[in-house]
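# Coordinates in review
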Amino acid sequence: MSGENGKRAHWRSLDELADTPEFRELVSAEFPGLEEDIADPATRREFVKILGASLGMVGLTSCRWPKEMILPFASQPAGRAPGVAVQYATAMELCGATVGLLVTSYDGRPVKIEGNPLHPASLGAASAPAQAAVLELYDPARSRQPVRREGGKEARQSWEDFDAFATPHFNGLRASRGRGLAILSEASSSPTLARLRVGLVEALPEARWYGWEPLSRDNELEGARLAFGRSVRGVPDLSRARVIVSLDGDLLAGHPDALRLAREFAATRRGDGGEMNRLFAAEPVPSVTGAAADHRLALAAGSIPALASSIAAGLAAHGVAVPEALRKPARALDARAERFAAAAAADLAVARGRSLIVAGPRQPAEVHALAWILNEALGAFGATLRAVDDPDGDRESHVQSVTGLAGRLRAGEVETLLILGGNAAYDAPADLGLADLIGRARVSIHLSLHDNETSRRCAWHVPRAHFLESWGDARAWDGTVSVQQPLIEALYGGRTPLELVAALSGARVESARDLVRATPTDGSGSPLGEAGWRRALHDGVVEGSGLPPVRVSVRAEAAGPVAARLGVGAGRGTEAVFLADASVHDGRFANNAWLQELPDPITRVTWDNAALVGPATAAELGVRHGEMVALTAGERSIEIAACVVPGVAEGVIGLPLGYGRRAAGPVGDGVGFDVYPLRVSEAPHAVKVDVRGLGRSYVLASTQDHHAIDAIGMEERGRRIGELIVEAEWAEYRRDPDAIRRERHEPKPLALFGELEYGGDHQWGMTIDLSACIGCNACAVACQAENNIPVVGKKQVARGREMHWIRVDRYFKGSPEAPAVAFQPVACQHCENAPCESVCPVAATVHSSEGLNSMVYNRCVGTRYCSNNCPYKVRRFNYFNYFKRTSQVEKMAFNPDVTVRARGVMEKCTFCVQRIESVKIAAKNERRPIADGAIVPACAQTCPTEAIVFGDLRDPSSRVSQLHRHPRAYSLLAELNVQPRNRYLAKLRNPSSGAEEA
């Protein structure tokens, strides 16, 4: 199970691979960072950064009914009991696509967000940003009232003041038929907004509507136009795909339909059926999808078109009906890329009708068009891919749109500028200078949650209502419509885009609810009736609202232009690729502390972005990890810290967007580096840069080596320890399913202190399938939201003091230039022979009658002996009381079912014991047994791939019991005889027999 020279096959970081003294010191330090200066008081800024986004606001009350009134619970609504959790369906829109959510509310106070199992885009799962939206709702930095800026002065206004200005101004715009009016909107799939926009054009025909989304999928839309002559979008079906080729795309984490796609992908990765899918991924910077691939090729984004051309030529050689113009490679690739292309083409040809090629949004339109052409030739349409009409397909690209607006502002043609959401002054292409041009409009109004960079350039900033406190609607990627319903009364009376557009067009409405209620959404051309409306609110989806598939056929004349453009060279020099950040996205979540502290799935960096560079390129450039570097593109330059990451393509630097904010709020201001100055309208996805090391160091708070299991040290001390990550190839596993179990040689369990006698009816346990886990971190945020886990800030994370109860360890295997990646979620293992329990001097950690390793917080005196004795390093000590100054109103942001811990106690995973007890109490009261699957911890509930399974080990028919006996099942550090209740299922890979690992 070990590699060459006695080293283990899997490694977490380059320091671990090299076994540096720094790594050894970090692993050996049980409690890093004890040298901090306790006497050094935290500044107010640091205090707000740590606590800020966790604080609730006043005025928390429900608005479930059309007439919104605040009543004491002495007059309870029918069917409601105080203190009992209730779930409501709503939806969250991001970049023009929505996912369905279920929000848990206590007495009109939302505290937990989960996926809606009835929604086709979520299937019961929720991403990290979606779950963290509850923290955004209670963000104390959210705008509370309108702000007017005029003549260099700033004044806070009342809503009456804004209405007094807006009403006559909007009347004047209607009188002039909208002359001089420009509206800039972020991407939206709202049917109601689309309906209101039609009315706006009728009322103000001379007004102009512009769109800007920094991470749009315009190239995909343009590729469809090139291939078919019409605007369609592709809806993949990975459940039916056996060979998948991803060309610089992140299907499993970055796609608008990522939750569904991850579920479908994982369903055929477990290797228990007769088939297992195979994923090829080519990309410049490691992504979640690349990490899950059976074959990953690290390749510059500019070389992906040539790779796609080579795959097309390979398909033609295998008899696939590829158009004549595409049967020869556009240009030569290196041997590694050619092997990758040949293997992908061979497998695609064999799996005709069950194969799929997908291109990512960074790739130019011709690559998307080629993907459509090849998918048609492979018989993917109607099987692994369907086309639907894009609801907004007749628009121009976002870059073209915002460029047109900038031109009109520069020419002085815009009298009134209304900006609906977004932050264009921060994230629009740098060469447009939009931040300075906004001031050229005589009147500018910005609607947003925060008084951000764009708001501060406008004459008026108008607070926006959060989606959890407003009415609205939106479409999923497949077109399914969901109604957004408020979970709480608007804290500060914010407005929605629907209300502003309706007021501008002169529509007479009482509320946003009336606007949504009047929109036809079921395909009949009429608004929903009362029964349909109530059903939509209850289920979270409008039945039958999905977009129907359309029959498309590639135009014969499309192949020639596509082939000609594929041959364009990538050019020489270092390629800087712009990336959507896994946490803050494009910068809109920068003030969310949960997301800032969430480690990046690949780099494990928190509270920062960095220039991601591979080991070979770093050596060639003479750049060290953590060194500040200057990146220059033409006349534009930025300074940013370098982060050496295995798997980044040679000659490539990855630049995550969304940091370096200056008006995000106290949590996000000044965090990381702003890379938007390098992003211009002609090169929104990648740009050639010159790199120069500056010789200065910068601290990157990375958790990649924190809480590392010191398996090597245990072996050096005489313990035989197997690999922490167990892998097998599917073909070998299929021939001999018991090979994994035989190779592990897990010893027979021995009782150290006598056999434990359990009086309870249940014995709880968990399994985690490493073949299904994609490392998305959704479980970590779910755990944090469910269990009131605090954020600690960059300074404490750098000292190894992050508080997450579940960590997702990322392991590499192979060469640093092209490693394979595996993820392993690790939480408390709830050991039978728990080493923590035997050393606690005050019996604060004890074994329950149902096999749980419980923490009694009011006994804990903070000796940390238990953490010292835990081989899994899953216990967290809260060095500070992050909730000490929280007021009673602010405490309403917490989950009332979970204790809020004071300073000086040990914390860890409890298997969400509050959920266990809730189900047990209900079952007892109803005199019924607990059904298998009725208890679902937060991590398992939100997992997009259903990798985590929880249940009763005493029930031999339960799913968790069956998985504990599975041939792939193994215990982590079983050789220590601690007998963990958690078991892992070994990771399976399905490499192509005719390909070498790229």
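First, a word on scope: everything that follows refers to the structure included in this document. (Residues numbered from 1 in each chain as written. Predicted model: local features only at pLDDT ≥ 70, side-chain atom pairs only at ≥ 80, totals over all residues. Heavy atoms only, no water.)

## Observations regarding the pairing of strand S18 (residues 472–475)
Neither face of S18 is exposed, since Gly472 and Ala474 on one face and Asp473 and Arg475 on the opposite face are all buried. Bridge count between S18 and strand S19 (residues 481–484): 4 bridges; the pairing is antiparallel. Within S19, the position partnered with Asp473 by the bridge is Val483. Counting the residues in the hairpin turn of S18 and S19 gives 5 residues, including Gly479, whose phi is positive at 95 degrees. (Buried < 20%, exposed > 50% of the residue type's maximum accessible area, 1.4 Å probe, protein only. Helix = DSSP H or I, 4+ residues; strand = E, 2+ residues; numbered from the N terminus. Pairing = 2+ DSSP bridges.)

## Considering the packing of helix H13 (residues 365–377) against helix H20 (residues 559–566)
Where H13 meets H20, the axes come as close as 9 Å, and the angle between the chain directions of the two elements is 130 degrees. Classified by the angle between their axes, H13 and H20 sit oblique to one another. The two elements H13 and H20 cross, and the hand of that crossing is left-handed. The residues of H20 that touch H13, namely those facing Glu366, Val367, Ala369, Leu370 and Ile373, are Ala559, Val562, Arg565 and Leu566. Tallied by class, residues from the contact of H13 with H20 come to 7 nonpolar, no polar and 2 charged. (Axes fitted to C-alpha atoms, helices over the stretch in contact; angles between N-to-C directions. Parallel < 35°, antiparallel > 145°, perpendicular 65-115°, else oblique. Left-handed = near helix turned anticlockwise from the far one by under 90°. Contact = heavy atoms within 4.5 Å. Nonpolar A, V, L, I, M, F, W, Y, C, P; charged D, E, K, R; others polar.)

## Examining unusual backbone geometry
Despite not being glycine, Arg604 has its phi angle at roughly 65 degrees, a positive value. Here Arg604 shows up in the loop between helix H21 (593–597) and strand S21 (605–606). Here Arg604 falls in the buried class, since its relative accessible area comes to 5%. Phi at Phe911 takes a positive value of approximately 60 degrees, unusual for a residue other than glycine. Summarising the element assignment, Phe911 is placed in the loop between strand S35 (906–907) and helix H29 (913–925).

## Thoughts on the packing of helix H11 (residues 304–317) against H13
Between H11 and H13, whose axes approach to 10 Å, the crossing angle comes to 20 degrees. As summarised for this structure, H11 and H13 are arranged roughly parallel, according to the angle between their axes. The chirality of how H11 crosses H13 is left-handed. Counted together, Pro305, Ala308, Ser309, Ala312 and Leu315 of H11 and Val367, Leu370 and Leu374 of H13 form the full contact between these two elements. Grouping the amino acids of the contact of H11 with H13 by side-chain chemistry returns 7 nonpolar, 1 polar and no charged.

## Remarks on the sheet that holds strand S25 (residues 652–656)
Read around the barrel, 6 strands follow the order S20-S25-S22-S24-S23-S26 and close on themselves; strand pairing throughout is mixed. Averaged over all adjacent pairs, the angle separating strand axes in this sheet is 45 degrees, with direction ignored. As paired strands, strand S20 (residues 574–579) and S25 are joined by 5 bridges and run parallel to one another. Residue pairing in the sheet places Ala576 in a bridge with Ile653 of S25.

## Some remarks on the sheet that holds strand S36 (residues 948–952)
One open sheet accounts for 4 strands, arranged S36-S29-S38-S37; its pairing is mixed. Because the sheet does not close on itself, it has two edges, and the strands there are S36 and strand S37 (969–970). Bridge analysis of S37 against strand S38 (residues 982–985) gives 2 bridges, and the strand direction is antiparallel. Within S38, the position partnered with Ala969 by the bridge is Leu985.

## Considering the packing of aromatic side chains
Each pair of aromatic rings is reported with the distance of its centres and the angle of its planes. Going through the model one piece at a time under the given rule, you end up with 14 aromatic pairs. A centroid spacing of 6.1 Å and a plane angle of 35 degrees characterise the contact between Tyr970 and Tyr984, whose relative ring orientation is tilted. With Tyr970 in strand S37 and Tyr984 in strand S38, this residue pair connects regions lying 14 residues apart in the sequence. The same class applies to Tyr970 and to Tyr984, which are both buried. Here the basic side chain of Arg217 rests over the ring of Trp477, its NZ or CZ set 5.7 Å away from the ring centre. Its end group placed over the ring of Trp471, Arg513 keeps NZ or CZ at 5.7 Å from the ring centre. (Phe/Tyr/Trp six-rings, centres within 6.5 Å; stacked < 30°, edge-to-face > 60°. Lys NZ or Arg CZ within 6 Å of the ring centre and 35° of its normal.)

By themselves, these figures tell us nothing about what the structure is for.
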